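# Topology and contacts: notes
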Amino acid sequence: MNYKTITIIILTVFLSSFTLKTEKDKYVAKNGKVSFYSHTDVEDIRAENNKVSSILEPKTGKLAIELLIKSFHFEKALMEEHFNENYMESDKYPKSKFEGNIDNINEVDFSKNGTYNVKISGNLTIKDKTNKINTTGTLKVDGNKVTGNTVFKIILADYNVSIPAMVKSKISKEIEITAELDYQKMK
Amino acid sequence: MIYLALFVIIAAIATGVYLWNKPHRNIEKSKEDFAISAIDFYTEYSTDENNSNTKYLNKIIIVSGIITELQIENTEEPTVALKTSDESMTISCGFDKKWINDLKILKIGAEVKIKGKCDGLGMFGIVFTKCNIEK
């Protein structure tokens, strides 16, 4: 064996162990919760989705969240129907996703229980529109469990959601979104 | 003439009230559109997501398979996940809390038939909501 072969072997072993390690080290949420709230003087509207998926990489701070529009539950059947058919066109755009980062991930110590304040930035896609989102939230570390919380607002018009004139007074232009994601460490 | 106008107004109000209070679709009592095994369903869905969306989204489906994950208590929407051919993917079925007694008796590794509404393909597999256990 010459030098070159040895170098290649060492490099391959080193690189493969590296990819294995980063792949292993992630937090996964499968039944996270995202709800939204629209407030006007005429009507308050709330809907909840308990089937939200997310992957958080503790080393890099990379954060991905995805949900299916049809999994939102409304109190009123009619609202759910209008939401899917008219506003979100969920047959055409069945999912919505966020891809971004926890910018100050180095301030979160995943080996130490506690609640950490985090800064989140990234791209939110709803229907066929993608916009930058900047918000804050918390990560609560409790052993192998991590709970992520955030609340932020979006403007419906930014995502091509048009509200017909007839119901304009009932639906707020700005919607408050709340996310609560329970992560488990993946081995 | 007045009676006619009055009738139209009352009919309009009644329709409005009916629509406003229209109940949610009763999936439990509806006939299924498809009945398929969890393994075949995931294979078909993941091979062609777009066509599967057209075929299956919002449809009532009975899916049968082996339970691989259970999250029943301490949750707003209890979940039973069924095994597919891909280890990291499941058919994840969300239930209303009223079914809690049907769900408590389930065990990982057991076979089950679940009826629900197909919401699409997510990060970790296919998602169903408004499910019930088919007996």
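Higher on the page you've got the structure.
An account of the accompanying structure is given in this report. Predicted, not measured: the structure shown is a model, and the values here were computed from it.

Conventions and cut-offs
- Residues numbered from 1 in each chain as written.
- Chains lettered and ligands numbered in written order.
- Predicted model: local features only at pLDDT ≥ 70, side-chain atom pairs only at ≥ 80, totals over all residues.
- Heavy atoms only, no water.
- Helix = DSSP H or I, 4+ residues; strand = E, 2+ residues; numbered from the N terminus.
- Rg over C-alpha atoms; globule rule 2.2 N^0.38 Å.
- Buried < 20%, exposed > 50% of the residue type's maximum accessible area, 1.4 Å probe, protein only.
- Contact = heavy atoms within 4.5 Å.
- Areas by Shrake-Rupley, 256 points an atom, 1.4 Å probe, with all protein chains shown as cover.
- Lys, Arg positive; Asp, Glu negative; His and termini not counted.
- Charge placed at Lys NZ, Arg CZ, Asp CG, Glu CD.
- Phe/Tyr/Trp six-rings, centres within 6.5 Å; stacked < 30°, edge-to-face > 60°.

## Structural notes on the overall build of chain B
Looking only at helices and strands, chain B features four helices and six strands. Counting from the amino terminus, chain B carries its helices and strands in the arrangement α-β-α-α-β-β-β-α-β-β. Taking 14 Å as the expected radius of gyration for a compact globule of 135 residues, we find that chain B reaches 19 Å, considerably beyond that expectation. Summarising its shape, the C-alpha atoms of chain B cover approximately 70 × 35 × 25 Å along the three principal directions. Burial status across chain B gives 41% buried among its 135 residues. The long-range share in chain B, meaning contacts at least 24 apart out of those at least 6 apart in sequence, stands at 61%. Working note: accessible area of chain B is about 7,700 Å², and carbon and sulfur atoms make up 58% of it. Charge separation in chain B, taken as the distance between the mean sites of 16 positive and 18 negative side-chain charges, equals 8 Å.

## Overview of the packing of aromatic side chains
This structure, assessed with the given rule, holds eleven aromatic pairs over all chains. Measuring from centroid to centroid gives 5.2 Å for Y27 of chain A and F110 of chain A, while their planes differ by 25°, and the two rings are stacked. With Y27 of chain A in strand β1 (residues 26–39) and F110 of chain A in the loop between β5 (95–102) and β6 (114–126), this residue pair connects regions lying 83 residues apart in the sequence. On the accessibility criterion, Y27 of chain A (2% relative accessible area) is buried. On the basis of relative accessible area, F110 of chain A is assigned to the buried category, the value being 15%. Plain terms: the ring middles of F41 of chain B and Y56 of chain B are 4.7 Å apart, the flat faces sit at 85° to each other, and that makes the pair edge-to-face. With F41 of chain B in helix α2 (residues 38–47) and Y56 of chain B in helix α3 (residues 49–56), the pair connects residues that are 15 residues apart, well separated along the chain.

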